[in-house]
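Structural overview
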Amino acid sequence: MIGHVEHVMGTTASFAVEPGAVGDRRARAAIGLACAILHEADETFSPYRPDSPLSRHRRGALAPCDFPAQLFDVLALSAEAVRFTDGAFDPWAMPGGVDPTGLVKGWAAARALESLRSAGVAAAMINAGGDIACFGPQPWRIGVRAPDDPQRLVCVSEVRSAIATSGGYERPDEIIDPRSGEPVAGLAQATVTGENLALCDAFATALIVTGESGLTMLAPGYTAVIVADDGRMLATPGFPIAQAAAA
């Protein structure tokens, strides 16, 4: 197994790659290309870079006819997430202009993972700041950390494609209710699994906004486990819990 850590998009992306038949040298080269995909996404979507296409679009300096393909893709996916969540996730309602960064990290990690799959490695996992994309012959066992203690797990989940966790414990007041424009203080944490990591990311963020009632908004094939402010853990049917938290 080859491990690698890349600092990008304001967070840390951790790689675990099983080379298989392609061998270590080609697998390491594939990791380098996957990292380049993450950095390209950062250059395209960072709201902190005044020259990024997203920043230029936000201030009206980039017309839709000049959008790079990546920006079109992410905005289309964002519109799909708005529809699924009934506006609980809405990049167009953010202060300062459209801001799809709530799902960009997951979208970029999924693209990076696909480049590893295309390179022929046997199995791989990318953890981009808690947004995890993976593939392989067996599911990956992923620990879901407790919102009040990074050394404790809520559960261990068996993941075949993607899992994303959202919560306000690391950066309080970061998650905004797009319907009111105010910071939310509902669930302590939400974790979503499914095929598309970007949508997992969007659903997890939307659940923090909606609370328990939002569990019914998940698209087919997506499951969730949430931690309420009072410490209760609730999971939708089918959430792949391999091991519950120790008492």
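Keep in mind the model is a prediction, meaning the values are calculated, not measured.

1. Digging into the nonpolar core
- Core analysis: the largest hydrophobic core is formed by 66 residues, its most contacted members being Phe15, Leu116, Val192 and Leu207.
- The biggest single contributor to this core is helix H5 (residues 197-210), with eleven residues.
- Dropping the residues within four chain positions of it, leucine 116 is found in contact with Phe15, Val17, Ala30, Ile31, Ala34, Val121, Ala124, Ile126 and Phe135.
- With 17 residues, the next largest nonpolar core counts Ala123, Cys134, Val154 and Val227 among its residues.

2. Points about the pairing of strand S11 (residues 223-227)
- Counting buried positions along S11 yields five of five residues, so the element is predominantly enclosed.
- A two-sided burial pattern is seen for S11, the buried positions comprising Thr223, Val225 and Val227 on one face and Ala224 and Ile226 on the other.
- By the bridge criterion, five bridges tie strand S10 (residues 189-194) to S11 in an arrangement that is antiparallel. Following the sheet pairing, threonine 191 is matched in S11 by valine 225.
- Here three bridges tie S11 to strand S12 (residues 233-235), and the two strands are oriented antiparallel to one another. The residue of S12 that forms the bridge with valine 227 is methionine 233.
- A loop of five residues connects S11 with S12, the two strands running antiparallel in sequence, and glycine 231 in this loop sits at a positive phi of about 95°.

3. Remarks on the sheet that holds S11
- Judged by pairing direction, the sheet is antiparallel, and its eight strands sit side by side in the order S1-S2-S3-S4-S7-S10-S11-S12 without closing on themselves. The sheet terminates laterally at strand S1 (2-8) and S12, the two strands that pair on one side only. On average, adjacent strands in this sheet sit at an angle of 10° to one another, irrespective of strand direction.
- On top of the sheet, helix H1 (residues 23-45) reaches S1 and strand S2 (11-18); it is set at about 20° to S1, its chief contact.

4. Observations regarding the environment of proline 178
- Its place among the elements puts proline 178 in the loop between strand S8 (176-177) and strand S9 (182-183).
- Residue classification places proline 178 among the buried positions, given a relative accessible area of 13%.
- The spacing of proline 178 and glycine 87 is 91 residues in sequence and 7.2 Å in space, taken between C-alpha atoms.
- When sequence neighbours within four positions are dropped, the list of residues in contact with proline 178 reads Gly87, Ala88, Phe89, Asp90, Ala93, Met94 and Val209.

What counts and what doesn't
Residues numbered from 1 in each chain as written. Predicted model: local features only at pLDDT ≥ 70, side-chain atom pairs only at ≥ 80, totals over all residues. Heavy atoms only, no water. Core = buried A, V, L, I, M, F, W, Y, C linked by side-chain atoms within 4.5 Å. Buried < 20%, exposed > 50% of the residue type's maximum accessible area, 1.4 Å probe, protein only. Helix = DSSP H or I, 4+ residues; strand = E, 2+ residues; numbered from the N terminus. Contact = heavy atoms within 4.5 Å. Pairing = 2+ DSSP bridges. Axes fitted to C-alpha atoms, helices over the stretch in contact; angles between N-to-C directions.

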